[in-house]
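One letter stands for each residue in the lines below.
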Amino acid sequence: MEEKRWYVVNTYSGHESKVKEKLEMRANSMDMKDNIFRVIIPEQKVVETKDGVEKEKTRKLFPGYILVEMIMSDEAWFVIRNTPGVTGFIGSSGKGAKPTPLQPFEVDNILNNMGMSKMSEDTVINVGDKIKIVDGPFVGMCGTVETVDLENKIVNAVVDLFGQETSIEVELKQIDKI
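Described below are features of the structure shown in this document. The shown structure was predicted, so the numbers you read here are calculated from the model rather than taken from an experiment. (Residues numbered from 1 in each chain as written. Predicted model: local features only at pLDDT ≥ 70, side-chain atom pairs only at ≥ 80, totals over all residues. Heavy atoms only, no water.)

**Side note on the nonpolar core**
The test is simple: Residues enter a nonpolar core if they are buried and are Ala, Val, Leu, Ile, Met, Phe, Trp, Tyr or Cys, with the set joined through side-chain atoms within 4.5 Å. Buried means the residue's accessible area, taken with a 1.4 Å probe over protein chains only, is under 20% of the maximum for its type, while exposed means over 50%, and partly exposed covers the values in between. Comment: elements are numbered from the N terminus, with helices defined as DSSP H or I runs of at least four residues and strands as E runs of at least two. Every residue pair with non-hydrogen atoms within 4.5 Å of one another is taken to be in contact.
By size, the foremost hydrophobic cluster in this structure holds 19 residues, and its most contacted members are Ile36, Ile66, Val68, Met70, Ile80 and Phe89. Secondary-structure elements contributing two or more residues to this core are β1 (5–11), α1 (16–29), β2 (36–40), β5 (65–70), α2 (74–81) and β6 (86–89). Among the elements that line this core, the one with the most residues is α2, at four residues. When neighbours within four sequence positions are excluded, phenylalanine 89 is seen to be in contact with Tyr7, Val8, Val9, Met70, Met72, Trp77, Ile80, Arg81 and Pro99. Ile131, Ile133, Ile168 and Val170 belong to the second largest nonpolar core, which has 11 residues in total.

In structure tokens form, the structure reads like this:
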């Protein structure tokens, strides 16, 4: 069984929200929730000043593109390609060739720019869970969750630091559950 990976889907520019909504509806109605996990429009909040008034706006990082976290199967590929508003996958030569997924560091950069976690929202972190740190000064270290603060999106974990168990604080977006 293949693992879930991130793919870039090309849409008509300005139709990203509609395509996201349709993809999520089709994933539910066609029983593809085991293959299509998250659909994200890469965007970020920006503060613009106009006539001395500051306004917070949402700006698309890549107009005309959405990210889909999925397990690449013939069925999932078919569902996404045939969703109204989708023009194709990036990284596919066409002619029935499957697209190449994004590299993990590319996904991390995009999600970090959006202030999101690499972990899906439905991933539950509990005290005692094993985690791997994927970003920050403790990258590559593994540990055990000691406390979880979902409101502030922070986890305290015990890691082996220089042969001694040490409690550290990391953000949810910096960890992966193992």
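Picking up where we left off.
**Observations concerning the sheet that holds strand β8 (residues 142–149)**
To be explicit about the condition: At least two DSSP bridges between two strands are required for those strands to pair. Inter-axis angles, ranging from 0 to 180 degrees, are taken between N-to-C directions of lines fitted to C-alpha atoms, where helices are fitted over the stretch in contact.
Spatially, five strands are ordered β10-β9-β8-β7-β11 in an open sheet, and the strand pairing comes out antiparallel. The open sheet has two edge strands, β10 (164–171) and β11 (175–177), and neither has a second partner. Adjacent strand axes in the sheet meet at a mean angle of 40 degrees, parallel and antiparallel pairs treated alike. Pairing of strand β7 (residues 130–133) with β8 involves three bridges; the strand directions are antiparallel. Bridge pairing in β8 links lysine 132 to cysteine 142.

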